[in-house]
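# Fold and geometry: a report
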Amino acid sequence: MQYAKLGKSGLRVSKLALGTWGLGGGSVWSDKDSTVQEAVLLLDTCAEVGINYVDTAPVYGTGVSEELLGQALQGRRQDFILQTKCSLNWRQEGGSFKYARDGYTVNNDTSASAIRRDVEDSLRRLKTDYLDVLIVHYVNAECCPVQETVEGLEALVKEGIIRAYGLSNSQPADLTEYADAAAQVPEAQGPSLVQEFFSLLSPFHGRAYFPVCTQHQASFQTYGVLEEGFLTGPDFLDRHFEATDIRSRIPWTQPPYQEGLRRAFKAWAPLCDQYQCSFANLVAAWALKQFDQMSLLIGMRRPENVYDNVKCLDLAITEADCLFMEDTIKAIQVEVLDK
């Protein structure tokens, strides 16, 4: 396993992180509801291969992902860098409407009081008394001033309740605004990372963010690098999902995109033979080459997924092959993709 420092935090994290959106199940991931035993086995496998960085969120299954992890982490909490999120809640206490799903109405509230309450709820579900990293799930400057949000986060750092923080579903200007707000707080740490979508199929947002991350000494954590499975191989394109499932609501289910993906997989097959790897390995290795402070967040629900995905760290993929991979898929790349 390869490790790196997370932004300015000093935390040492594995370059490959475990994403647990899928553990939440529900209508968003309609093909499987996970159990505590499966979560335990998943963490066992991560520990075996050296993955120490685990990401979750309150709204992943409306508390389910955090609850499963809380039970699976018992007796080994200190072995993992645990990251969850704030700003999306279903308490109906304020903020602005975000979505309704599975019988819950979720609001986006970035006020300091809401963030503190979010953290208290997450600590209870995760059965821990501290969080290593807290991410503002969706920035919302219309809800309250950024200065208030950052001061609330910095207060949690000073109290030892969280060790670092970052932001997600944002724009590069938001990172600068958060960093500038932190500069107004005595002895502030500032944001240590951003978590944003980035993949071969939608690389533009990430590339706009990279220089801003460098400027503010923040890591870039990519989610969606495998596009919810659509970049793992041609067989995945034959799967069908419920209308509520996230995988049915992104462009790659549509015929023009699927035709482009099938052409890309055919073009990439010789590279898989050359590097002796899976399509998923090849795609993940491409992502790691794009930015030197990249953290690769991949959703994994089964041990075999973990064993395969770690292989991407050993691929010495060339710049020429990276350029070839992207050139084969340019026709179906998407500028804006909101998941």
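The paragraphs below set out a description of the structure included in this document. (Residues numbered from 1 in each chain as written. Predicted model: local features only at pLDDT ≥ 70, side-chain atom pairs only at ≥ 80, totals over all residues. Heavy atoms only, no water.)

### Side note on the overall build of the protein chain
Worth spelling out the cut-off: Strands here mean DSSP runs of E at least two residues long; helices mean DSSP runs of H or I at least four residues long; both are numbered from the N terminus. With the radius of gyration taken over C-alpha atoms, the globule rule is written as 2.2 Å times the number of residues to the power 0.38. Accessibility here uses a 1.4 Å probe with only protein chains present; expressed as a share of the type maximum, an area under 20% marks a residue as buried, one over 50% as exposed, and anything in between as partly exposed. Here, two residues are considered to be in contact whenever any of their heavy atoms come within 4.5 Å of each other. A 1.4 Å probe and the Shrake-Rupley method give the accessible areas. Residues count as covered only by the protein chains that appear here. For this count, His and the chain ends are skipped, Lys and Arg are scored as positive, and Asp and Glu as negative. We put the charge of a Lys on NZ, of an Arg on CZ, of an Asp on CG and of a Glu on CD.
When you go through the protein chain residue by residue, the secondary structure sums to 10 helices and 13 strands. Since a compact globule built from 339 residues should have a radius of gyration of about 20 Å, the 19 Å found for the protein chain is in line with a globular shape. Each of the three principal axes of the protein chain carries a C-alpha extent, and together these read 55 × 40 × 40 Å. Here the protein chain holds 339 residues, and the buried ones make up 60% of them. Long-range contacts, defined here as pairs at least 24 residues apart, represent 77% of the contacts in the protein chain between residues at least 6 apart. About 13700 Å² of surface is accessible on the protein chain, with carbon and sulfur atoms providing 49% of the total. The centroid of the 31 positive side-chain charges in the protein chain is displaced by 2 Å from the centroid of its 45 negative side-chain charges.

### A word on the pairing of strand 9 (residues 131-136)
Cut-off, in case you're wondering: Pairing between two strands requires that DSSP report at least two bridges joining them.
Most of strand 9 sits out of view: six of its six residues are buried. Bridging between strand 9 and strand 10 (residues 162-168) involves five bridges; their strand directions are parallel. In the strand pairing of strand 10, Val 133 is matched with Ala 164.

### Quick word on the pattern of salt bridges
Definition in use: For salt bridges, the criterion is a side-chain nitrogen of Lys or Arg within 4 Å of an Asp or Glu carboxyl oxygen.
By the definition in use, this model includes 16 salt bridges. In this structure, Glu 159 engages Arg 116 in a salt bridge whose closest nitrogen and oxygen atoms are separated by 2.7 Å. A residue pair is termed long-range when its members are at least 10 positions apart, and Glu 159 in the loop between helix 4 (146-158) and strand 10 and Arg 116 in helix 3 (residues 112-126) qualify at 43 residues. For Glu 159, a relative accessible area of 45% puts it in the partly exposed group. On the basis of relative accessible area, Arg 116 is assigned to the partly exposed category, the value being 28%.

### Observations regarding the sheet that holds strand 11 (residues 193-197)
Heads up, the condition is: Here the axes come from fitting lines to C-alpha atoms, over the contacting stretch only for helices, and the angles between their N-to-C directions go from 0 to 180 degrees.
Around the barrel, which closes on itself, the eight strands sit in the order 3-4-5-9-10-11-12-13 with parallel pairing between neighbours. Geometrically, the sheet is characterised by an average inter-axis angle of 30° between neighbouring strands, direction not taken into account. By the bridge criterion, five bridges tie strand 11 to strand 12 (residues 219-223) in an arrangement that is parallel. Its bridge partner being in strand 12, Phe 197 is matched across the sheet by Tyr 223. Most of the contacts of helix 4 go to strand 10, to which it runs at about 155°, and overall it touches strand 9 and strand 10. Along the sheet, helix 5 (residues 172-182) contacts strand 9, strand 10 and strand 11; its crossing angle with strand 10, the most-contacted strand, is approximately 145°.

### Side note on unusual backbone geometry
You will see that Thr 62, though not glycine, has its phi angle at about 50°, which is positive. Here Thr 62 shows up in the loop between strand 4 (53-55) and helix 2 (64-72). Taking the relative accessible area as the measure of exposure, Thr 62 reaches 19% and is therefore buried. You will see that Glu 228, though not glycine, has its phi angle at about 55°, which is positive.

### Some remarks on the pairing of strand 13 (residues 294-299)
Burial analysis of strand 13 places five of its six residues in the buried class, which makes it a mostly covered element. Note: strand 3 (residues 16-19) against strand 13, four bridges, orientation parallel. In the sheet register, Leu 16 faces strand 13, and the bridge partner there is Leu 296. As paired elements, strand 12 and strand 13 share three bridges and run parallel to each other. Among the inter-strand pairings, Phe 220 is bridged to a residue of strand 13, identified as Met 294.

### Observations concerning helix 4
Since one α-helical turn is 3.6 residues long, residues separated by three or four positions face the same way. Selection criterion: Given a helix with a known number of residues, its expected span is that number minus one, times 1.5 Å.
End to end, helix 4 covers 18 Å across 13 residues, agreeing with the expected 18 Å (1.5 Å per residue, within 8%). Its buried side turned inward, helix 4 meets helix 3, strand 9, strand 10 and helix 5. Looking one or two places after helix 4, you find Gly 160, whose phi comes out positive at around 80°.

### Let's talk about the environment of Leu 6
Tracing the chain through its elements places Leu 6 in the loop between strand 1 (3-5) and strand 2 (12-14). Each C-alpha atom, one on Leu 6 and one on Phe 210, is 15 Å from the other, the two residues being 204 residues apart in sequence. In contact with Leu 6, other than residues within four places in its own chain, are Leu 11, Val 13, Tyr 53, Val 133, Ser 192, Leu 193 and Ser 219.

### Quick look at the sheet that holds strand 6 (residues 88-89)
In spatial order, the strands read 6-8-7; together these three strands make up an open sheet with antiparallel pairing. Two strands close off the open sheet at either side, each with one partner strand: strand 6 and strand 7 (96-101). With two bridges connecting them, strand 6 and strand 8 (residues 104-108) associate as antiparallel partners. Residue Asn 89 lies in a different strand from strand 8, and its bridge partner there is Asn 107.

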